[in-house]
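# Commentary on secondary and tertiary structure
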Amino acid sequence: MDAIMQKYEQLGELLHSLKRVVVAFSGGVDSSFLLKASLEFLGKDAVLAVTADSETYPERERDEAIQLARELGAHHRVIQTSELNIPGYAENPTNRCFFCKQELFSHLIPIAKQDGYEHVVFGAIADDLGEHRPGLRAAREGGVRAPLMEVGLKKTEIRYLSNKFGLSTWDKPSFACLSSRIPYGQVITLEKLSMIDKAEAFLMKLGFRQVRVRQHEGKLARIEVPPAQLSDLVAVADLVVEKLKEIGYTYVSIDLQGYRSGSLNEAL
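With an unreviewed UniProt entry as reference, the chain is termed ATP-dependent sacrificial sulfur transferase LarE, source organism Alicyclobacillus acidoterrestris.

Written out as C-alpha cells, the structure reads:
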C-alpha cells in the first residue's frame, strides 16, 4: 500500500499549493474524502464545503452531507440550484452533465471569490478519465481543479484510505444524480425524478444499498441491483411491484445484468 500513501502525500502537496479551497461536497465517497484531506492538510479555516440542493439530489443525500460535514468539523454551506431551469438540460442531451456541472460551478466560483478562497475543487477521480464525463469539460472551462484525479487516485484506493482514516463513507454505494436514471433524449421532469427517488428509497429500506431504478418511456421501471442480490430481489418481487405501481409505474422489470455504473451510456 506504499504506492497509495505516496499518492496521498502528493495530494497533500497539491492541496498546500492551492492554499484555500471551496470543496464541491455531495457527501459521496470521493467528495467526502477530498473534504477530509483538505481539512487535514489545509486546516479548517482554509476550507469551505458547499453542497448544492436541487430536485435531482435526494433529501436523504443532502441530510447525510450535512451530518458528515458536521462530524468532520468543516465550515459548510448548503445552496439551492435548479438543473431543470437550465436551458437544454431537461431535454436530456448526451452532454447533460456538462450543463449540470457548469451550473454548479457558476455558483461556487463567485462564492470562492467573495469569501477569499483561491480555488474551487471537486471530487473527480482517475477512473473518470475513461468514462463518458461531460462535466469534466465544464470544470476545465471554469478553472475548477480535481485534486484526486490529478494525483491519480482511483476509487478502490479512495475507499481504502477512507477506511484507514475512519470515514464512514468508505463503503458507501456509488451515487449519481437522479437524472442519470432517465435515458438520453427522454425529457426530464419533476414527476419522473420524484417517482425515481421514491422507488429507490423504498428499495433501500428493503436492504438494497446499491440500487438504480432506470425509468423508461411508458412508465417502465428497470431495477438494477448487484448480481449477487438478484435472487433477493426476486424473492420480494410481488411487494416491489405493488409499491412501484402505487408510486406510478405501469411496468416493473429487473435487469438481469445487475447494477453497473452508467448503464444508460451503453446506448451511446
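What follows continues from the structure just given.
When you go through the chain residue by residue, the secondary structure sums to 10 helices and 7 strands. Taken over the C-alpha trace, the chain has a radius of gyration of 19 Å; the compact-globule value for 268 residues is 18 Å, and the two agree within 12%. Dimensions along the principal axes, computed over C-alpha positions, put the chain at roughly 55 × 40 × 35 Å. Residues classed as buried in the chain amount to 49% of the 268 residues present. Roughly 12500 Å² of accessible area belongs to the chain as shown, and the carbon and sulfur atoms make up 52% of that amount. In the chain, 33 side chains carry a positive charge and 36 a negative one; their mean positions are 1 Å apart.

This next bit is on the side chain of Arg212. Among the secondary structure elements, Arg212 is positioned in strand E5 (residues 212-216). Buried within the structure, Arg212 lacks any salt-bridge partner; Glu200 is the closest side chain of opposite charge, at an N-O distance of 5.3 Å. Here Ser174 takes part through its backbone oxygen, which lies 3.0 Å from a polar atom of the side chain of Arg212. Residue contacts for Arg212: discarding those within four places in its chain leaves Ser174, Phe175, Ala176, Arg181, Glu200, Arg222, Ile223, Glu224 and Tyr259.

Moving on, we come to the sheet that holds strand E1 (residues 21-24). Across the sheet, 4 strands lie side by side as E3-E2-E1-E4; this open sheet has parallel pairing. Taken across any chain shown, the strands that pair with only one partner, and hence form the sheet edges, are strand E3 (75-80) and strand E4 (119-121). Averaged over all neighbouring strand pairs, the angle between strand axes comes to 25°, with direction disregarded. Two strands pair when backbone bridges link them, and E1 and E4 are joined in this way by 3 bridges, in the parallel orientation. Note that in E4 the partner of Val23 across the bridge is Val121. Where helix H3 (residues 59-72) meets the sheet, its contacts fall on strand E2 (47-53) and E3, and the angle it forms with E3 comes to roughly 160°. Lying over the sheet, helix H4 (residues 96-115) contacts E1, E2, E3 and E4, oriented at roughly 135° with respect to E3.

Think of a sheet as strands paired side by side through backbone hydrogen bonds, with each pair either parallel or antiparallel. The sheet built from 3 strands is open, its strands ordered E5-E6-E7 with mixed pairing. Each edge of the open sheet carries a strand with a single partner, namely E5 and strand E7 (251-254). For this sheet, the mean inter-axis angle between neighbouring strands, taken without regard to orientation, is 25°. Its contacts with the sheet put helix H8 (residues 190-205) on E5 and strand E6 (220-224), and the angle it makes with E5 is roughly 150°.

All right, on to the pattern of salt bridges then. Scanning the model with the defined rule gives 20 salt bridges in all. Close ionic contact of Arg77 with Asp115 constitutes a salt bridge, the shortest N to O distance being 2.7 Å. With Arg77 in strand E3 and Asp115 in helix H4, the pair connects residues that are 38 residues apart, well separated along the chain. Where Arg214 meets Glu224, a salt bridge forms, and the shortest distance between an N and an O atom there is 3.1 Å. Residue Arg214 is located in strand E5, and its partner Glu224 is located in strand E6; the two are separated by 10 residues in the primary sequence. By relative accessible area, Arg214 is classed as buried at 2%. Within the structure, one salt-bridge network assembled from shared partners comprises Arg214, Arg222, Glu224, Asp255 and Arg260.

Conventions we followed
Residues numbered from 1 in each chain as written. Predicted model: local features only at pLDDT ≥ 70, side-chain atom pairs only at ≥ 80, totals over all residues. Heavy atoms only, no water. Helix = DSSP H or I, 4+ residues; strand = E, 2+ residues; numbered from the N terminus. Rg over C-alpha atoms; globule rule 2.2 N^0.38 Å. Buried < 20%, exposed > 50% of the residue type's maximum accessible area, 1.4 Å probe, protein only. Areas by Shrake-Rupley, 256 points an atom, 1.4 Å probe, with all protein chains shown as cover. Lys, Arg positive; Asp, Glu negative; His and termini not counted. Charge placed at Lys NZ, Arg CZ, Asp CG, Glu CD. Salt bridge = Lys/Arg side-chain N within 4 Å of Asp/Glu carboxyl O. Polar contact = N/O pair within 3.5 Å; in protein donor to acceptor, adjacent residues only side chain to side chain. Contact = heavy atoms within 4.5 Å. Pairing = 2+ DSSP bridges. Axes fitted to C-alpha atoms, helices over the stretch in contact; angles between N-to-C directions.

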